[in-house]
Amino acid sequence: MASVICCVFLLLLPFTSAGHDYSQALSKGILFFEAQRSGYLPGSQRVNWRANSGLEDGKANGVDLVGGYYDAGDNVKFGLPMAFTITMMSWSIVEYGKQMAAAGELGHALEAVKWGTDYLIKAHPEPNVLYGEVGDGNTDHYCWQRPEDMTTSRKAYKVDVNNPGSDLAGETAAAMAAASMVFRHSNPAYSNELLSHAKQLFEFADKYRGKYDSSITVAQKYYRSYSGYADELLWASAWLYHATNEPYYLNYLGNNGDVLGGTGWAMSEFGWDVKYAGVQVLASKFLMQGRGAHHSPVFQKFQQKAEYFMCACLGKGGRNVQRTPGGLLFRQRWNNMQFVTSASFLVTVYSDYLASAGRSISCAAGNVPSSELLGFAKSQVDYILGDNPRATSYMVGYGNNYPRQVHHRASSIVSIKVDSKFVGCREGYADWYSRKGGDPNLLVGAIVGGPDAYDNFADERDNYEQTEPATYNNAPLIGLLARLHGGNGGLNQLLPVVLPKPQPVQKRPQNKPLPAPVAKTTPAPAKAYSPVLVEQKTTASWIAKGKVYYRYSTIVTNKSGKTVKNLKLSIAKLYGPLWGLSRSEGAYGFPSWLNSLAAGKSLEFVYVHSASPADVRVAGYTLE
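Let me begin by describing the structure that accompanies this report. (Residues numbered from 1 in each chain as written. Predicted model: local features only at pLDDT ≥ 70, side-chain atom pairs only at ≥ 80, totals over all residues. Heavy atoms only, no water.)

### Brief notes about the environment of alanine 51
Among the secondary structure elements, alanine 51 is positioned in the loop between helix H1 (22-35) and strand S1 (77-78). Between the C-alpha atom of alanine 51 and that of leucine 41, which follows or precedes it by 10 residues, the distance is 6.6 Å. Beyond its immediate sequence surroundings of up to four residues, alanine 51 is in contact with Leu41, Glu148, Ile416 and Lys417. (Helix = DSSP H or I, 4+ residues; strand = E, 2+ residues; numbered from the N terminus. Contact = heavy atoms within 4.5 Å.)

### Comments concerning the state of the cysteines
Using the criterion set out here, one finds two disulfides in the structure. With a sulfur-sulfur separation of 1.6 Å, cysteine 143 is cross-linked through a disulfide to cysteine 425. Every disulfide takes its handedness from the sign of the S-S torsion; for cysteine 143 and cysteine 425 that torsion is -90°, giving left-handed. In this pair, cysteine 143 sits in the loop between helix H4 (137-140) and strand S3 (156-159) while cysteine 425 sits in helix H16 (residues 425-433), placing the two residues 282 residues apart along the sequence. At a sulfur-sulfur separation of 2.0 Å, the disulfide partner of cysteine 311 is cysteine 363. Every disulfide takes its handedness from the sign of the S-S torsion; for cysteine 311 and cysteine 363 that torsion is -85°, giving left-handed. Placement of cysteine 311 in helix H12 (residues 296-314) and of cysteine 363 in strand S4 (residues 361-363) is noted, with a sequence separation of 52 residues between them. (Disulfide = S-S within 2.5 Å.)

### Considering the packing of helix H9 (residues 230-244) against helix H10 (residues 247-256)
Closest axis-to-axis distance for the H9/H10 pair is 8 Å, and the angle between their directions is 145°. Where H9 crosses over H10, the two elements pack in a sense that is left-handed. Packed against H9, whose contacting residues are Leu233, Leu234, Ser237, Ala238, Leu240, Tyr241 and Thr244, the element H10 presents Tyr249, Leu250, Tyr252, Leu253 and Asn256 at the interface. Tallied by class, the residues present in the contact of H9 with H10 amount to nine nonpolar, three polar and no charged. (Axes fitted to C-alpha atoms, helices over the stretch in contact; angles between N-to-C directions. Left-handed = near helix turned anticlockwise from the far one by under 90°. Nonpolar A, V, L, I, M, F, W, Y, C, P; charged D, E, K, R; others polar.)

### Some thoughts on the nonpolar core
One finds Trp91 and Tyr350 to be the most contacted residues of the largest nonpolar core, which totals 159 residues. Sequence-distant contacts of tyrosine 350, that is, excluding residues within four places in its chain, are made with Val281, Ser284, Met288, Gln303, Ala306, Glu307, Met310, Arg359, Ile361 and Leu373. One finds Val556, Val564, Phe605 and Ala614 within the second-largest nonpolar core, a separate group that totals 22 residues. (Core = buried A, V, L, I, M, F, W, Y, C linked by side-chain atoms within 4.5 Å. Buried < 20%, exposed > 50% of the residue type's maximum accessible area, 1.4 Å probe, protein only.)

### Here we look at the pattern of salt bridges
One pass over the structure, following the stated rule, counts 24 salt bridges. Ionic pairing is found between glutamate 171 and lysine 275, a salt bridge with its closest N-O pair at 2.5 Å. Of the two residues, glutamate 171 is situated in helix H5 (residues 166-182) and lysine 275 in the loop between H10 and helix H11 (276-289); the sequence distance between them amounts to 104 residues. Lysine 275 shares its class with glutamate 171; the two are buried. A single network of salt bridges, built from pairs that share partners, joins Asp57, Lys77 and Arg154. (Salt bridge = Lys/Arg side-chain N within 4 Å of Asp/Glu carboxyl O.)

Structural data, given as structure tokens:
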């Protein structure tokens, strides 16, 4: 357990492998979350050496807090890292859910998110009450027990109006908002429930401000909020804007970007404590999507800081992050791998935003194309999977050489299903913790803390700085692995992603969506020939609150032999949100990242509403 981080440029390594099976690593990386489950395990549970645990959590407080995740190798449920884990799993799916579906893992990924959000809903029983911890790290660390045998305190701790926790509530709001996007089409009622909780939590976080670890003091030794709560307020508002497109959250992000530090802090870290770099990347996405509105100047400042982060990760900025001789970014001895996965995820999504916009970035050491950012992230993932000086995979169960003595209570003690004899608090230390053999239960998919600053690693159970795993190590990695497995085909991360169904299509209920209205090619006005062609098509439909909604994709193509500039589009009969164009003086034009359309090139924008296709016409342009 620890705080969180960024990166450094990696030179070509002399110990590269013939290639990695990213699909297999993705499957294992998601499976790890099943080993971390608390509560009543479902019939679909695949990690069969685990059993039910924590079945009276919250009972002493008069609330049901059964479920959720243990954060790492212990048996405590810490709310801040758990919520961050859910946010990052959801972001992974929001960006790369199609690639997860292609790998056959979207269903498992959605289950992993829902296991967390079901618990977060329970932890928020009232608008201004949020439970942020179950169990006590101090007593827990005196015991080495299976979660099924726990005899330690299961006291629950909360924040409320008299004992605020804006960072905890803000991160939980972000998690709920991000997850609402994940379930928007497959489970709209659940998505709406998550959004309702997210909005309440954000209001609570903003209105009653304070650090959560000043209210839940038992968390200070384990997950102290060093960065305070300003970053979580921005982070939550960014996710709520992403999820709702509501002006309130856009205005909050734009109006508070300066005062809450989002445009001021140039970061080289990102994780469960420090969210500024994540906010800056999301704001950059909104800007490149044309969703910044009148706050675009503020969002441009966010983007400058996002690109500072990227340059620092690549080792091409003014202040770069340390790396090991083998090329792994390095920030601290204790669970350094959390920094690797979180930072590499940001680098990957930003690379895809740049590629979608046709942009590169400028660092102190020179121009950097999007492909270089993606190459860096890939090098970090490959290091984790075994391309390193020790030829060690830091994902348990992947490859042939991986950690066998993981600092993890459940995996290091014989399964209760194999030997039901009770394992006592100190007995666990004497009989299991001190064992020199490999774990009796393989913790498949776990990303451990990783090597030191010199690529050294000791596979020993008491070496908790290097051999303890954590949920927030894996959460961003599943997005990375899905992206690397999926390749580059058809990516445009600036368009809304509509997730495919994770399972075979079942019979729809009687209120199934009607066939979508037929979208026709819309000609330019009153000309026998127009050099600018507009084509529309329906790409998705779904039901929300009894209404059928359609997603339309519109392609604008320059059919001339010259460059189109000053494009103006007139769009009538539009009744919902639109992405991919900018608007001024009553007309739509090129998005902020594009100022012309070369001969034969196209741009795409999308919109959603519950009607037939909008009337899109070319109102003006110049040819040069």
